[in-house]
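# Per-entry structural report
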Amino acid sequence: MQKKTFSLRSIVVHLVLTVLAFLCLFFFYILIINATRSHAQLQLGFSALPGSSFLTNLKNVLNDPSIPIARGILNSLLVSGSCAALVTYFSALTAYGIFAYSFKLKKAAFTFIMMILVMPTQVTAMGFLRLITNMGMDDSLLPLIIPSIASPAVFYFMLSYMQSSLSMSLVEAARIDGSNEFSTFNRIVLPIMKPAIAVQAIFTFVGSWNNYFIPALVITSKNKQTLPIMIATLRGSDYMNFDTGKIYMMITVAILPIIIIYLLLSKFIVDGIALGGVKE
């Protein structure tokens with residue numbers, strides 16, 4: 001009886017996972033299919049079969065002088081990669097300071113960081129825009145990168161991971177051996193934090209890659225635009241020159257780097273999330 005129950009449960013679980021996997025991958029499949037169809041074919045409605053306009057759409061995207069797609073990819077890679085590196089390193093460093101040290105304002109500092117977490121970006125957007133304008137940093141990629149140093153959500157994840165996976169005996173042993181604090185953090189703590197860093201690097205990269213709100217406020221020059229701005233520009237173009245197949249192809253090109261980053265770091269996701277939520 002127990003074996004039959006286990007078998008039924010396994011069948012149900014696999015069925016549910018299959019349905020969820022289908023729902024997740026179906027939209028990517030439709031996106032790729034639409035990228036192979038022309039604007040006229042797309043106007044006819046849904047099709048599960050690929051078209052013959054893949055190279056034509058790709059050529060139209062790459063050769064459009066009004067939308068420098070290659071430059072947009074480089075800008076997005078620079079911003080997203082820099083944000084992922086800065087947010088993971090400095091969030092882990094801040095979490096290490098809260099975790100490894102005892103000082104009077106420790107609880108107050110933690111509470112202050114958590115209060116920043118609940119503040120929406122839209123509330124501070126106009127003040128942020130005025131600040132970077134006064135600093136002469138408007139129409140630059142720096143305002144999209146530098147603020148990523150302070151990320152309360154990533155800090156909290158790193159702190160939770162340290163509390164579950166980092167033993168203070170390792171830190172104390174390194175101090176006894178004469179290692180300074182930055183050397184201890186870089187050589188001992190960071191390797192232990194590798195799964196958590198990989199998880200947050202993926203999330204930060206994807207979030208920065210898809211970010212439209214702040215870049216749309218800051219960037220005005222076409223050669224400094226990121227991909228989301230270019231896609232929105234293409235979508236809002238003149239109706240007579242509107243090409244749906246071109247838009248689908250541009251979206252397909254835009255998600256390729258995200259898929260590559262995910263495939264490179266995906267092996268750390270399960271371990272990082274699981275270990276980050278388990279207490280020793």
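Scoring rules and cut-offs
Residues numbered from 1 in each chain as written. Predicted model: local features only at pLDDT ≥ 70, side-chain atom pairs only at ≥ 80, totals over all residues. Heavy atoms only, no water. UniProt positions renumbered as here; feature names shortened; annotations may be inferred. Helix = DSSP H or I, 4+ residues; strand = E, 2+ residues; numbered from the N terminus. Buried < 20%, exposed > 50% of the residue type's maximum accessible area, 1.4 Å probe, protein only. Phe/Tyr/Trp six-rings, centres within 6.5 Å; stacked < 30°, edge-to-face > 60°. Core = buried A, V, L, I, M, F, W, Y, C linked by side-chain atoms within 4.5 Å. Contact = heavy atoms within 4.5 Å.

Per an unreviewed UniProt entry, the chain carries the name Carbohydrate ABC transporter permease and comes from Candidatus Avoscillospira stercoripullorum. For the record of the chain, the UniProt heading Subcellular location (unreviewed entry) holds the text "Cell membrane". You can read under Sequence similarities (unreviewed entry) in the UniProt record for the chain the words "Belongs to the binding-protein-dependent transport system permease family."

This part is about the UniProt feature "transmembrane region" (unreviewed entry) in the chain. UniProt tags residues 12–32, 77–101, 108–129, 141–159, 196–214 and 247–265 as "transmembrane region" (unreviewed entry). As annotated, residues 108–129 comprises 86% helix and 0% strand, and the C-alpha atoms at either end are separated by 29 Å. Taken as a whole, residues 196–214 contains 84% helix and 0% strand, while its terminal C-alpha atoms sit 26 Å from one another.

Next up on the list: the environment of phenylalanine 28. Structurally, phenylalanine 28 is set in helix H1 (residues 2–35). The class for phenylalanine 28 is partly exposed, based on a relative accessible area of 41%. Spatially, the C-alpha atoms of phenylalanine 28 and isoleucine 67 are 24 Å apart, while their sequence positions differ by 39 residues.

Attention shifts here to the packing of aromatic side chains. Applying the stated rule across the entire model yields 9 aromatic pairs. Seen in terms of ring centroids, tyrosine 89 and phenylalanine 90 are 5.4 Å apart; in terms of plane orientation they differ by 85°. Their pairing is edge-to-face. Residue classification places tyrosine 89 among the partly exposed positions, given a relative accessible area of 26%. Geometrically, the ring pair formed by phenylalanine 110 and phenylalanine 155 is tilted, given 6.2 Å between the ring centres and 55° between the ring planes. Of the two residues, phenylalanine 110 sits in helix H5 (residues 106–117) while phenylalanine 155 sits in helix H8 (residues 152–165), which places them 45 residues apart along the sequence. You can call phenylalanine 110 partly exposed: its relative accessible area is 26%. Among the aromatic side chains, those forming a connected cluster through ring pairs are Tyr89, Phe90, Tyr96, Tyr101 and Phe185.

In this section: the nonpolar core. Formed by 23 residues in total, the largest nonpolar core has its most connected members in Tyr96, Phe155, Met158, Met162, Phe185, Val189 and Met193. Going through the elements one at a time, helix H4 (69–100), H5, H8, helix H10 (181–192) and helix H11 (194–209) are the ones with two or more residues in this core. The element that contributes the greatest number of residues to this core is H4, accounting for 7 residues. If sequence neighbours within four positions are ignored, methionine 193 has contacts with Met158, Tyr161 and Met162. In terms of nonpolar packing, the next biggest core, distinct from the first, is built from 18 residues, Ala84, Leu227, Val253 and Ile258 among them.

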